[in-house]
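So the chains spell out like this:
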Amino acid sequence: MQIDELKKLIESNSILWTTHCLQRMGERDIKRADVKNCISSGEIIEQYPDDFPNPSCLVFGMTLANKVLHVVAGTDGKYLYIITAYYPTEDKFEPDLKTRRK
């Protein structure tokens, strides 16, 4: 999966938001515009090629307020499925917030 593919789906607004994602975003005060910005300006830091029903990945990017955000997204080539979004913490990631702690 390539970030350019995800960016094209964002630009064309070919996005499907899972119920789980919208619920978690509400709990975490994350806006849809922040998720879109994260993917549009972000980079893929982990790949999950065996996820079902579609491959997915973890995107590192920024909110509109310039806060680090992680978005898990998958695609079938036609739609971008937003699975979840969260603010990463150093208890699970290294200080760069890109590298998962072992």
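Scroll up a little and you will see the structure.
Scope of this entry: the structure provided in the associated data block. (Residues numbered from 1 in each chain as written. Predicted model: local features only at pLDDT ≥ 70, side-chain atom pairs only at ≥ 80, totals over all residues. Heavy atoms only, no water.)

On a plain count of helices and strands, the protein comes out with 3 helices and 5 strands. Along the chain direction, N to C, the helices and strands of the protein fall in the order α-β-α-α-β-β-β-β. In summary, the protein has a C-alpha radius of gyration of 13 Å against a globular reference of 13 Å for 102 residues, a match within 12%. Judged by the C-alpha coordinates and their principal axes, the protein covers about 35 × 25 × 25 Å. Burial statistics for the protein: of 102 residues in total, 39% are counted as buried. Across the protein, every contact between residues at least 6 apart in sequence was considered, and the portion connecting residues at least 24 apart equals 49%. (Helix = DSSP H or I, 4+ residues; strand = E, 2+ residues; numbered from the N terminus. Rg over C-alpha atoms; globule rule 2.2 N^0.38 Å. Buried < 20%, exposed > 50% of the residue type's maximum accessible area, 1.4 Å probe, protein only. Contact = heavy atoms within 4.5 Å.)

Let us look at helix α3 (residues 32–41). Every buried residue belonging to α3 is among Asp-34, Val-35, Cys-38 and Ile-39, and all of these are buried. The buried residues of α3 occupy one face: seen down the axis, they fall within an arc of 130°. Buried residues in α3 make contact with α1 (3–11), β1 (15–17), α2 (19–28), β3 (56–62), β4 (68–75) and β5 (80–86). (Arc of directions from axis to C-beta.)

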